[in-house]
Amino acid sequence: MTQEILLVGLSHRTAPVEVRERLAFANGRLEPALRTLVAWPGVAEGAIVSTCNRVEVVACGSDPAQLAAELPRFLAHEHAVEPALLAGRLYTHHGREAVRHLFRVAASLDSMVVGEPQILGQLKSQYAVAAAVGASGRVLHRCFHRSFSVAKRIRSETGIAEKAVSVGSAAVDLAQGIFDSLADKTALLIGAGTMGELTARQLLAQGTGSLMVANRTWERALEVARDLGGMPVPFERLSRYLPLADLVIGAAGGDAYVVATAAVRDALRERRGRQMFLIDLAVPRSIDPAVHQLDGAYVYDVDDLDGVIAENRDARAAEAARAEAIVDGEVEAFWHWLEGLDVVPTVVALREKVEAIRQGELERFLTGSVALEPAQREAVERLTRALCNKILHAPLEALRGQQVGRGDEVAVAAARALFGLDRRPATVGEDEED
Amino acid sequence: MEIVLLRGAAGLYLAATVAVLAGLVVRRELPARALVWLLGGGLLLQASSIAIRASRVGSLPVATLAEALSLLAALLVGLFLAIQLRASLLALGAVVVPTAFGLTLAASVLKGGAQPLPPVLRSVWLPVHVLFAFLGDAVFALACSASVLYLVQERRLKSHRGRGALGRLPSLETLDRLSATCLTWGLVLLTIGIVTGIVWAHEAWGRFWIGDPKLVFSMLVWALYMVLLQGRITAGWRGRWAAQLTIAGFAVIVASLLGVNLLGLGMHGRAY
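Residues numbered from 1 in each chain as written. Chains lettered and ligands numbered in written order. Predicted model: local features only at pLDDT ≥ 70, side-chain atom pairs only at ≥ 80, totals over all residues.

*Asks:* What is the right way to read the overall build of chain B from this model?
*Replies:* Helix and strand content of chain B: 9 helices and 0 strands. Reading chain B from its N end, one meets helices and strands in the order α-α-α-α-α-α-α-α-α. Sorting the 272 residues of chain B into buried and exposed places 46% on the buried side. Pairs at least 24 apart in sequence give 79% of the contacts found in chain B among residues at least 6 apart. (Helix = DSSP H or I, 4+ residues; strand = E, 2+ residues; numbered from the N terminus. Buried ≥ 20, exposed ≤ 12 C-beta atoms within 10 Å, placed from the backbone. Contact = placed C-beta atoms within 7 Å.)

Laid out in structure tokens, this is it:
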């Protein structure tokens with residue numbers, strides 16, 4: 001009785017957010033849901049992945065057809081939704097394809113923004129819950145842990161996660177090309193609109209040391225500064241504060257440039273040449289483009305950032321192709337390990353081998369020696385068979401002892417090696433990593 | 001024997017050049033780690049080659065251009081390894097390692113029969129003067145490499161093209177600081193090199209100033225870098241201007257290294 005891996009779920013590719021949000025497992029709900037899942041008919045091991053972009057159930061069981069029918073029922077039951085809501089939106093991956101899907105999800109190849117880094121952390125913490133409640137067993141344990149190391153490998157061997165594909169991350173990326181560390185840097189947000197606030201937030205999240213906020217209406221500056229943990233500065237005295245700013249986010253529209261070339265030139269002089277990075281998010285622009293000509297000042301407007309992002313998207317697509325090749329190899333390696341766990345082929349091969357030896361020797365004996373009476377023939381036949389069975393008894397018992405669930409790959413490999421069942425290398429998997 | 005070791009070192013530096021470029025392009029861990037071993041191995045071979053030659057001529061072997069280039073390459077690789085082991089700056093290697101390979105290759109190709117030093121120059125000042133002067137040159141070479149990378153990175157940023165496929169160059173700030181640090185140390189070493197040279201000249205010929213072209217060049221470099229350092233400290237010179245000056249200063253060093261020795265001018269031309 002071997003076990004199949006099955007994955008059933010829906011994602012941003014198959015279901016709109018209204019459906020996904022109804023099926024999502026909030027943090028507190030994951031644990032009881034996992035307990036229900038492993039008690040569900042046909043499920044031997046189970047785990048759940050639930051993010052804002054996907055809800056997926058991974059399970060192991062002996063009957064894949066039953067699993068394929070039961071897992072959607074489980075999802076509908078858990079969230080008390082009509083099964084009709086799920087129809088056409090669920091995908092089902094069997095065996096190798098399920099493993100591949102999980103690896104791709106972990107490596108963020110299936111994400112809305114390919115290469116985004118959050119998914120791996122979510123996967124890890126959600127799998128930790130499954131492991132803690134004992135919902136996952138050795139197959140899923142291995143499968144998830146492989147997916148984590150596949151993701152890490154892809155992260156380090158391909159540039160998939162390196163290229164920024166949002167305005168905020170592109171800004172951070174460019175800033176890292178200028179500054180050694182953001183921790184001792186100060187950002188100045190000019191114009192506290194939504195876009196500017198978002199970008200400032202991202203810069204702070206990436207470790208920018210401090211923030212100043214300037215806005216035409218002082219109250220709004222106060223409000224945003226409080227929200228972001230920054231310092232409000234008066235809009236009219238901007239040039240006084242400009243020299244303090246390593247990063248400037250210009251997000252205040254208007255007829256004239258808010259940040260003029262002369263002001264930046266003075267600021268650079270006062271900064272003794274230390275570089276300034278200016279991001280212009282406003283249309284019409286708020287920073288004089290001529291500032292970019294100054295030595296040590298780097299101005300990126302919305303179009304420049306878009307250009308960087310578009311370039312990065314293309315680069316990511318190329319890197320994704322390399323990542324897929326890594327996934328292919330890793331799926332094969334995992335599958336090899338999984339097959340190694342399967343006891344039945346080994347039992348069959350062992351029986352066949354011994355039987356072949358018995359037949360061969362019997363034939364040689366019968367043709368080589370004097371003719372035997374049928375009764376004597378029968379006795380020799382019985383004797384050899386009994387001999388073989390006695391010899392095989394202990395090893396077969398040992399193998400069958402492992403057969404509940406998946407076997408012990410060491411025992412299987414040992415049996416295959418000791419009895420010379422195949423010449424290919426023993427299928428002992430790599431060490432599991434935690 | 002020395003020439004075999006030297007060729008071995010050149011071979012390893014070539015492999016290291018490939019490794020450093022591969023490391024920047026394919027971005028795996030392996031080339032960066034291989035780089036350290038290849039450079040370490042090359043340095044070992046080169047140092048052995050220099051040591052054998054030294055034991056043969058009885059002093060630090062810097063009498064011929066080939067010997068000088070080899071010593072310079074060894075110092076450069078040693079310095080880069082020291083930096084690389086502290087903070088990985090693979091991109092810096094992309095400039096430094098091919099340079100070391102070129103120097104070593106030139107040293108192994110140039111005809112370099114061992115030349116004994118004229119007796120008048122045999123002195124304890126020889127290794128002191130030469131080592132300080134050469135260390136200074138090597139440190140300035142690093143400053144120059146950092147400045148070249150600075151200009152590359154700065155051009156990318158000014159052209160609005162994002163950070164591109166060149167791998168991750170170090171940030172402008174990092175490169176600027178590295179260049180400034182190397183500049184300071186290079187000046188200290190060069191100053192010691194010049195002073196010991198003058199003292200040695202006095203001991204050998206009884207005069208302080210021998211009007212040697214090498215000395216003139218060195219004073220020029222010294223003055224240039226002193227102005228640059230002063231500008232950095234007091235006027236906050238940084239960025240493109242400082243990088244260009246650093247490279248210009250190093251061009252003078254290269255000119256004096258090659259020009260003086262190849263044309264055989266002055267004392268440094270006849271006996272390095």
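*Asks:* Mind showing me how you'd approach the confidence of the model for chain A here?
*Replies:* A low pLDDT score tells you not to read the predicted coordinates there in detail. Scored by pLDDT, chain A has a mean of 86; 94% of the residues are at 70 or more. Across residues 424-434 of chain A the pLDDT falls below 50, and counting only partners more than four positions away or on other chains, this stretch makes 20 contacts in the model. (pLDDT = per-residue confidence, 0-100.)

*Asks:* Sorry, what's going on with the interface of chain B and chain A here?
*Replies:* Bring the parts together and some accessible area is lost; that lost area is often taken as the interface size. Listed by partner, the interface residues are 20 residues for chain B and 24 residues for chain A. Secondary-structure elements contributing two or more residues to the side of chain B that touches chain A are α5 (125-158), α6 (172-205) and α8 (239-262) of chain B.

*Asks:* Sorry, what's going on with unusual backbone geometry here?
*Replies:* Across the chain, the bulk of peptide bonds are trans and the bulk of non-glycine residues have phi less than zero. Phi at A:Ala80 is positive, roughly 50°, even though this residue is not glycine. As for its position among the elements, A:Ala80 is in the loop between α3 (64-79) and α4 (83-86).

*Asks:* Would you mind going over the nonpolar core with me for this structure?
*Replies:* Soluble globular proteins: nonpolar side chains tend toward being buried together. Core analysis: the largest hydrophobic core is formed by 128 residues, its most contacted members being A:Leu189 and A:Leu278. Looking at this core, the element that brings in the most residues is α5(B), giving 16 residues. In terms of nonpolar packing, the next biggest core, distinct from the first, is built from 55 residues, A:Leu30, A:Cys60, A:Ala323 and A:Leu338 among them. (Core = buried A, V, L, I, M, F, W, Y, C linked by C-beta atoms within 7 Å.)

*Asks:* Explain the sheet that holds strand β10 (residues 297-301) of chain A to me, please; I cannot follow it from the model alone.
*Replies:* All names here are of chain A. Across the sheet, which stays open at both edges, the 6 strands sit in the order β7-β6-β5-β8-β9-β10 with parallel pairing between neighbours. The sheet terminates laterally at β7 (231-232) and β10, the two strands that pair on one side only. With 2 bridges connecting them, strand β6 (residues 210-214) and β7 associate as parallel partners. Residue pairing for β7: Met212 is matched across the bridge by Met231. (Pairing = 2+ DSSP bridges.)

*Asks:* So what exactly am I meant to see when it comes to the environment of B:Leu103 here?
*Replies:* Residues and elements named next belong to chain B. With respect to the secondary-structure elements, Leu103 resides in helix α4 (residues 90-109). In the structure, Leu103 is positioned 31 residues away from Leu72 in sequence and 7.8 Å away in space, judged by C-alpha atoms. Among all residues touching Leu103, those that are not within four sequence positions of it are Leu69, Leu72 and Ala73.

*Asks:* Even after reading the chapter, I still don't get the sheet that holds strand β4 (residues 91-94) of chain A, so can you show me in this structure?
*Replies:* Sheet strands line up and pair through hydrogen bonds in the backbone, either parallel or antiparallel. All names here are of chain A. Across the sheet, 4 strands lie side by side as β2-β3-β1-β4; this open sheet has antiparallel pairing. Bordering the open sheet on either side are β2 (45-50) and β4, each of which pairs with just one other strand. Neighbour-to-neighbour, the strand axes of this sheet turn through a mean angle of 15°, independent of strand direction. Summarising the sheet, β2 and strand β3 (residues 54-61) pair through 6 bridges and their orientation is antiparallel. Residue pairing in the sheet places Gly46 in a bridge with Ala59 of β3. (Axes fitted to C-alpha atoms, helices over the stretch in contact; angles between N-to-C directions.)

*Asks:* How should helix α7 (residues 138-157) of chain A be read in this particular structure?
*Replies:* The periodicity of an α-helix, 3.6 residues per turn, causes residues three or four positions apart to be oriented the same way. Counted at 1.5 Å a residue, the expected span for α7(A) with its 20 residues is 28 Å, and the 28 Å between its end C-alpha atoms agrees. Contacts made by the buried residues of α7(A) are with β1 (4-11), β2, β3, α5 (95-106), α6 (118-132) and α13 (302-340) of chain A. (Expected span 1.5 Å × (residues − 1).)

*Asks:* What exactly am I supposed to notice about the packing of helix α8 (residues 167-178) of chain A against α13(A) here?
*Replies:* When two helices pack together, their arrangement is given by the angle between the helix axes and the distance between those axes. All names here are of chain A. Following both chains from N to C, one finds α8 and α13 inclined at 90°, their axes separated by 10 Å at the closest point. In terms of axis orientation, α8 runs roughly perpendicular to α13. Between α8 and α13, the residues in contact are Val167, Ala170 and Ala171 and Leu305, Val308 and Ile309, respectively. Tallied by class, residues from the contact of α8 with α13 come to 6 nonpolar, no polar and no charged. (Parallel < 35°, antiparallel > 145°, perpendicular 65-115°, else oblique. Nonpolar A, V, L, I, M, F, W, Y, C, P; charged D, E, K, R; others polar.)

*Asks:* When you look at the confidence of the model for chain B in this model, what are you seeing that I'm missing?
*Replies:* Chain-level pLDDT for chain B is 84 on average; 87% of the residues reach the 70-or-more range. Quick note on the complex model: pTM equals 0.66, ipTM equals 0.80.

*Asks:* I tried to follow helix α9 (residues 194-205) of chain A on my own but got confused; where do I start?
*Replies:* Residues and elements named next belong to chain A. Taking 1.5 Å per residue, 12 residues should reach 16 Å; α9 reaches 16 Å between its end C-alpha atoms and fits that length. By the burial criterion, the buried members of α9 are Gly196, Glu197, Thr199, Ala200 and Leu203. For α9, the buried positions fall inside an angular range of 165° around the axis, keeping them on one side. Those residues of α9 that are exposed and aimed more than 90 degrees away from the buried face are Thr194 and Ala205. Looking at the buried positions of α9, the neighbouring elements they touch are α8, β5 (186-190), β6, α10 (218-228), β8 (247-250) and β9 (276-280). Among the residues trailing α9, Gly207 stands out with phi positive, at a value near 105°. (Arc of directions from axis to C-beta.)

*Asks:* Please explain the pairing of β1(A) as it appears in this structure.
*Replies:* Across a regular strand the side chains alternate sides, sitting on one face of the sheet and then on the other. Residue and element names in this part refer to chain A. Buried residues dominate β1, accounting for 8 of its 8 residues. The alternating pattern of β1 places Glu4, Leu6, Val8 and Leu10 on one face and Ile5, Leu7, Gly9 and Ser11 on the opposite face, and all of these are buried. Looking at chain direction, β1 and β3 are connected through 8 bridges and run antiparallel. Along β3, the bridge assignment pairs Leu7 with Val58.

*Asks:* Explain the packing of α8(A) against α9(A) here, please?
*Replies:* All names here are of chain A. Packing of α8 against α9 leaves a shortest axis separation of 9 Å and a crossing angle of 45°. Of the possible angle classes, the one that applies to α8 and α9 is oblique. In this structure, α8 crosses over α9, and the sense of that crossing is right-handed. On the side of α8, the interface is formed by Val167, Gly168, Ser169, Ala171 and Val172, while α9 contributes Leu198, Thr199, Gln202 and Leu203. Residues of the contact of α8 with α9, tallied by class, amount to 5 nonpolar, 4 polar and no charged. (Left-handed = near helix turned anticlockwise from the far one by under 90°.)

*Asks:* What am I meant to see in the environment of A:Phe179 here?
*Replies:* Residue position: A:Phe179 is located in the loop between α8 and β5. The exposure class assigned to A:Phe179 is buried, which follows from the 21 C-beta atoms found within 10 Å. As a C-alpha pair, A:Phe179 and A:Phe277 span 98 residues in sequence and 9.1 Å in three-dimensional space. In this structure, A:Phe179 is in contact with A:Lys185, A:Asp246, B:Ser171 and B:Glu173, ignoring residues within four places of it in sequence.

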